[in-house]
Amino acid sequence: MIVTIDGPAGAGKSSIARQVADRLGFEFLDTGAMYRAVTLGAIRAQIEFSDVDALVAFAGTADLKWKGCRISLNGVDVTEEIRTPTVTGAIRYLADLPDVRRQLTLQQRRIAAGRSIVTEGRDQGTDVFPDADCKIFLTASPHERALRRHQQLADAGRHMAIEDVIAAQDRRDAEDRCRPVGALRPADDAVTLDTDGMSPDEVLDRTLQIIESAV
Ligand code: C5P
């Protein structure tokens, strides 16, 4: 069984997808981490972002492995390094390339083959798993997402002005919605869950209800 959870940055997809996977005894796949890992690898290999052929070749040979919630690239654990602002700011150079997306799509389908899985990202219900058993589009207003992100950063000891959080979020939303392939949008058969004003427990309960009614 495949459950897809797509949505914009800051909607809480990872945390909900992880909890849902735990509750149902499913695997969990964070596809954003895969885009992050190949971006980090390209930066470390000093590939120019304008060198499309080199980026595609790199993504094609990138060996991404999951061990629980930890991800490794070519045998090296990169779980923490993929979350830096430098990586976040550069992901679009790879995520915008249809040939890179094709490589990662194949890897995602390979990981899911024969398993029950909750997979989260931007294109899971639209392009990667169009026949998924249950598709959820998890969203929240830009204001609420920015407030949550601001709080997360503060909890981690990183202080950023709310205006800067909003500007960075707007930029990412625009990039994610506009790419030629794999753009962020709800699948036609997805259930949209707007989490404004909902507690994390309410979001989890509602998500589990949606999944139960889909199967
Ligand atoms: O989910 P996360 O915020 O870690 O994803 C980082 C970036 O990777 C997204 O902003 C998006 O550009 C890209 N991504 C993607 N397709 C996915 C998952 C993530 O293009 N399935």
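Definitions and cut-offs
- Residues numbered from 1 in each chain as written.
- Predicted model: local features only at pLDDT ≥ 70, side-chain atom pairs only at ≥ 80, totals over all residues.
- Heavy atoms only, no water.
- UniProt positions renumbered as here; feature names shortened; annotations may be inferred.
- Helix = DSSP H or I, 4+ residues; strand = E, 2+ residues; numbered from the N terminus.
- Rg over C-alpha atoms; globule rule 2.2 N^0.38 Å.
- Buried < 20%, exposed > 50% of the residue type's maximum accessible area, 1.4 Å probe, protein only.
- Contact = heavy atoms within 4.5 Å.

The chain has the name Cytidylate kinase in an unreviewed UniProt entry, where Rubripirellula lacrimiformis is given as its organism. Per UniProt, the chain has the following entry under Sequence similarities (unreviewed entry): "Belongs to the cytidylate kinase family. Type 1 subfamily." We quote the UniProt Subcellular location (unreviewed entry) comment for the chain here in full: "Cytoplasm".

Engineer: Requested: an account of the overall build of the chain, with residues and values cited.
Structural biologist: A tally of helices and strands in the chain yields nine helices and eight strands. By the compact-globule yardstick of 17 Å for 215 residues, the chain fits well, its C-alpha radius of gyration being 17 Å. Along the three orthogonal principal directions, the C-alpha set of the chain runs to about 45 × 45 × 30 Å. Counting over 215 residues, the chain shows a buried share of 45%.

Engineer: An account of the side chain of Thr4 is needed here, citing residue identities and associated values.
Structural biologist: Tracing the backbone through its elements, the reader meets Thr4 in strand S1 (residues 2-6). Residue classification places Thr4 among the buried residues on the basis of a relative accessible area of 0%. If we skip the residues at most four places from it in the chain, Thr4 touches Thr119, Gln124, Gly125, Phe129, Ala132, Cys134, Lys135 and Ile136.

Engineer: Can you explain the UniProt feature "domain: Cytidylate kinase" (unreviewed entry) in the chain? Please cite residues and give values.
Structural biologist: Taking the numbering used here, the UniProt-annotated feature "domain: Cytidylate kinase" (unreviewed entry) corresponds to residues 3-212. The span residues 3-212 is 53% helix and 16% strand, and its two end C-alpha atoms sit 11 Å from each other.

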